[in-house]
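Breakdown of the fold
These are the residues of each chain, in order.
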Amino acid sequence: QVQLVESGGGLVQAGGSLRLSCAASGRTFSYYGMGWFRQATGKGRESVAKITWNGGDTNYADSVKGRFTISRDNAKNTVYLQMNSLKPEDTAVYYCAAANRRFTSTWTPGYWGQGTQVTVSS
């Protein structure tokens, strides 16, 4: 049973920073791509950032490029999202996701965390 547990959300002023963490368990973490998605109130869930199983490739939504950085520590079974220069429009519930297939750079989420709220005040 794969489990993903996010932490690090909270309330921050515009221009501030937060770092989200997602601890994974239940399978070999280093075999699978990971990602962060978000869902604002009244909107659909969108992909924010993804990282390949070995950390060799990342991709970002245009809205966060240059401000957010995804990384992973395979020794700690943890993926991170460093968020800088936060804007009010970044306010959302942020979800950690794990790939449905291993050793691939193209994947869809097979598992989700419970979500963590990020609120950016203006």
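For the structure itself, consult the block above.
Residues numbered from 1 in each chain as written. Predicted model: local features only at pLDDT ≥ 70, side-chain atom pairs only at ≥ 80, totals over all residues. Heavy atoms only, no water.

**Section: the state of the cysteines**
Formally: Any cysteine sulfur atom paired with another within 2.5 Å is treated as part of a disulfide. Secondary structure elements follow DSSP: runs of H or I of four or more residues count as helices, runs of E of two or more count as strands, with numbering from the N terminus. Exposure classes here rest on a 1.4 Å probe applied to the protein chains alone. A residue is buried below 20% of its type maximum, exposed above 50%, and partly exposed in between.
By the definition in use, this model includes one disulfide. At a sulfur-sulfur separation of 2.1 Å, the disulfide partner of Cys22 is Cys96. Here the disulfide of Cys22 and Cys96 is left-handed, its torsion about the S-S bond being about -80°. With Cys22 in strand E3 (residues 18–25) and Cys96 in strand E9 (residues 92–102), this residue pair connects regions lying 74 residues apart in the sequence. Here Cys22 falls in the buried class, since its relative accessible area comes to 0%.

**Quick look at the packing of aromatic side chains**
For the record, the criterion: Here a Phe, Tyr or Trp ring, Trp counted by its six-membered ring, pairs with any other such ring whose centre lies within 6.5 Å, and the pair is stacked when the planes are under 30 degrees apart, edge-to-face when over 60, and tilted otherwise. We count a charge as sitting over a ring when the NZ of a lysine or the CZ of an arginine lies within 6 Å of the ring centre and within 35 degrees of the ring normal.
Counted under the stated rule, the structure contains four aromatic pairs. Judged by centre distance (4.8 Å) and plane angle (45°), the ring pair of Tyr31 and Phe103 falls under tilted. Of the two residues, Tyr31 sits in the loop between E3 and strand E4 (32–39) while Phe103 sits in the loop between E9 and strand E10 (109–112), which places them 72 residues apart along the sequence. For Phe103, a relative accessible area of 42% puts it in the partly exposed group. Between the NZ or CZ atom of Arg45 and the centre of the ring of Trp112, over which it lies, the distance is 4.5 Å. The cationic tip of Lys50 hangs over the ring face of Trp107; the distance from NZ or CZ to the ring centre is 4.5 Å.

**Thoughts on the sheet that holds strand E7 (residues 68–73)**
Spelled out, the test is: The pairing criterion for strands is at least two bridges between them, as found by DSSP. Note on geometry: axes are C-alpha line fits, over the in-contact stretch for helices, and angles between N-to-C directions span 0 to 180 degrees.
A sheet is described by the order of its strands in space; here four strands give the open sequence E1-E3-E8-E7, paired in antiparallel fashion. Sheet topology places strand E1 (3–7) and E7 at the edges, where each strand pairs with a single neighbour. Recorded for the sheet is a direction-independent mean angle of 15° between the axes of neighbouring strands. Pairing between E3 and strand E8 (residues 78–83): six bridges, direction antiparallel. Across the sheet, residue Arg19 finds its bridge partner in E8, namely Gln82.

**Examining the pairing of E10**
Note: E9 against E10, three bridges, orientation antiparallel. Each residue of the ladder has a partner; that of Ala98, found in E10, is Tyr111. Linking E9 back to E10 in an antiparallel pair, the connection comprises six residues, with Phe103 at a positive phi of about 55°.

**A word on the side chain of Thr52**
Here is the rule we go by: The contact criterion used is simple: two residues touch if any of their non-hydrogen atoms lie within 4.5 Å.
Following the sequence through the fold, Thr52 ends up in the loop between strand E5 (46–51) and strand E6 (58–60). For Thr52, a relative accessible area of 8% corresponds to the buried category. With residues up to four places along the chain from it excluded, the contact list for Thr52 reads Gly33, Asp57, Arg72 and Ser105.

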